[in-house]
Amino acid sequence: MRLPRKHLLTKMGETMSKTLQDKITVVTGASRGIGKAIALELAARGASVVVNYQKSATAAEELAQEITALGVQALAVQADVSQEEDANRLIKSTIETYGRVDIVVNNAGTTRDNVIMLMSADDFDSVIDTNLRSTWLVSKAAVRSMMRKRYGRIVNITSISGIMGNGGQTNYSASKAGIIGLTKSLAREVASRGITVNAVAPGFVLTDLTSGLPEDITSKLNENIPLGRWGNVDDVAKATAFLSSDEASYITGHVLVVDGGLAM
Ligand code: NAP
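Residues numbered from 1 in each chain as written. Predicted model: local features only at pLDDT ≥ 70, side-chain atom pairs only at ≥ 80, totals over all residues. Heavy atoms only, no water.

> Even after reading the chapter, I still don't get the pattern of salt bridges, so can you show me in this structure?
Any two side chains of opposite charge can pair, on the condition that their charged atoms come close. Across all of its chains, the model carries 10 salt bridges by this definition. The residue Glu96 makes a salt bridge to Lys92 at a minimum N-O spacing of 3.5 Å. Of this pair, Glu96 and Lys92 are both found in helix 4 (residues 84–98), 4 residues apart, which corresponds to roughly one turn of the helix. A single burial state applies to Glu96 and to Lys92, both of which are exposed. Note that Asp235 is salt-bridged to Arg229, the shortest N-O span being 2.9 Å. Residue classification places Asp235 among the partly exposed positions, given a relative accessible area of 25%. (Salt bridge = Lys/Arg side-chain N within 4 Å of Asp/Glu carboxyl O. Helix = DSSP H or I, 4+ residues; strand = E, 2+ residues; numbered from the N terminus. Buried < 20%, exposed > 50% of the residue type's maximum accessible area, 1.4 Å probe, protein only.)

Shown next as structure tokens:
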């Protein structure tokens, strides 16, 4: 029987919107910016979300309430994911609360930009630890449970800086290029256990991380973006939700660039 077009659209809409029904997800650095948008997008698609944060307790608690109002479960968990004990505790509390972890989005990140001559070794280490070490630690903590369940989705937020390089960001670009290598190696290690590992590489997105860029640099950047605008947090969230879903079950070790064409 042929369904009327309106019915088909509704059906499609329902499937699209609940592609993550009942999935248990952890989003690191979800209190602000891109991580917050990812948490909301996953929740809108039916997932329960563990909202990780480092310092912004009030924002994280408010986000957890906002997510609960969408009809799914949410839990705010403080953890400095660059620290092994904290990363392990984040995953442990997720499993203790919800019984498993299906999806991990490694989003927590930071910058300490400077030209190499003025960048301290501490600036280098701290950006590598927050961006790259955290991704390794949280993935390691989650993979054991995912392997047992023979199911998992890991999405790592990298950056086009990790692909193209960027002056003033030797630490950040190294951390983001490292995330791409980590993604591909882990994807190969765990593929046989039903776990996919992918990365999303945003271009320029207006958040607290980029709000300090001087006006002359931002307007010059706009000229180089083929689609003529900066990305917004939802552009990144939707790409991440796709890679987190079973619609992407045959995609692993992939880097999905979300940059308005900047890096091509
Ligand atoms: P943001 O607005 O500065 O937010 C950073 C988030 O990470 C916050 O929730 C912060 O938590 C959390 N965080 C930082 N260090 C942490 C730690 N050690 N442990 C746990 N959480 C930590 O940044 P954003 O722009 O949304 O960036 C999110 C991700 O996208 C980053 O990986 C970034 O590199 C990447 N990215 C961003 C852009 C862009 O243009 N914005 C482009 C490419 C890639 P608190 O609030 O508690 O401090």
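This is not the end of the story, as more comes after the structure.
> Could you clarify how one ought to interpret the pairing of strand 5 (residues 152–157) in this entry?
Note on strand geometry: in a regular strand, side chains alternate between the two faces of the sheet. Among the 6 residues of strand 5, 6 are classified as buried, and the element is accordingly described as predominantly covered. Alternating positions in strand 5 separate into two faces, Gly152, Ile154 and Asn156 on one and Arg153, Val155 and Ile157 on the other, with burial throughout. As defined by bridge partners, strand 4 (residues 103–106) adjoins strand 5 across 4 bridges and the pair is classed as parallel. Counterpart to Ile103 in the pairing with strand 5 is Arg153. Viewed along the sheet, the connection from strand 4 through helix 5 (residues 121–149) into strand 5 turns out right-handed. Relative to strand 6 (residues 195–202), strand 5 runs parallel, the two being bridged by 6 bridges. Within strand 6, the residue paired with Arg153 across the bridge is Thr196. (Pairing = 2+ DSSP bridges. Right-handed = clockwise from strand over helix to strand, strands pointing away.)

Taken by themselves, the reported measurements are silent on function.
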